[in-house]
Amino acid sequence: VQLQASGGGSVHPGESLRLSCVSPSPRRFPVNPRAWYRQAPGKERELVARMTPGRMLDYAESVKGRFAISRDKGGGTLYLQMNSLQAEDTATYYCYGLYGSVPIWGPGTQVTVSS
């Protein structure tokens, strides 16, 4: 049971990236991806954005107005649109989901913002 995240990369300040998270075997292992976290070197993992079962959206203060979390119509793919990226956004980004009531973490995708 796992999640796969993609879309990370190296960009300059002010540029954009879109992360995607999907369960590779949705029929066999229906993981519900619902949040993005990130962890910068030397720092604790922090919540970036999440979508509740009722589709309420919640963002870290540092990304409000710049990042947007969304889900495709089928609900199997979770996105994180990241605009106006800053050096402080440099981190490994992790997708988080639930398999029933079991928390599932993706392996992480690196986002590096530098000039």
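Quick notes on unusual backbone geometry
Right, so step 1: Even without glycine at this site, Arg55 takes up a positive phi of about 65°.
Right, so step 2: With relative accessibility at 47%, the residue Arg55 sits in the partly exposed group.
Right, so step 3: A positive phi is found at Ser84, a non-glycine position, where the angle reads about 50°.
Right, so step 4: Residue classification places Ser84 among the partly exposed residues on the basis of a relative accessible area of 39%.

What to know about the packing of aromatic side chains
Right, so step 1: If you walk through the whole model with that rule in mind, you get four aromatic pairs.
Right, so step 2: Measuring from ring centre to ring centre gives 5.9 Å for Tyr37 and Tyr96, while their planes differ by 65°; the resulting arrangement is edge-to-face. Of the two residues, Tyr37 is situated in strand 4 (residues 32-39) and Tyr96 in strand 9 (residues 91-99); the sequence distance between them amounts to 59 residues.
Right, so step 3: Cluster of aromatic residues (ring-pair linked, three or more members): Tyr37, Tyr96 and Trp105.
Right, so step 4: For Arg45, the ring lying beneath its charged end belongs to Tyr94, and the centroid distance is 3.7 Å.

A closer look at the side chain of Ser23
Right, so step 1: In this structure, Ser23 sits in the loop between strand 3 (17-22) and strand 4.
Right, so step 2: Excluding residues within four positions of it along the chain, Ser23 makes contact with Gln2, Leu3, Phe29, Val31 and Gly76.

About the criteria used
Throughout, a residue's number is its position along its own chain's written sequence, starting from 1. Under the rules for a predicted model, residues below a pLDDT of 70 receive no local features and side-chain atom pairs below 80 are neither given nor counted, while totals for whole chains, interfaces and linings still include all residues. Each side-chain value is derived from all of the structure's non-hydrogen atoms; neither hydrogens nor water enter the calculation. Note on exposure labels: buried denotes an accessible area under 20% of the residue type's maximum, exposed denotes more than 50%, and partly exposed covers the range between, all computed with a 1.4 Å probe on protein chains only. Two aromatic rings from Phe, Tyr or Trp, using only the six-membered ring of Trp, form a pair when their centres are within 6.5 Å; if the ring planes differ by under 30 degrees the pair is stacked, by over 60 it is edge-to-face, and anything between is tilted. Here a helix means four or more residues in a row that DSSP labels H or I, a strand means two or more in a row labelled E, and each is numbered from the N terminus. Note on criteria: charge over ring means Lys NZ or Arg CZ within 6 Å of the ring centre, with the direction from the centre no more than 35 degrees off the ring normal. Residue contacts are counted whenever heavy atoms from the two residues lie within 4.5 Å of one another.

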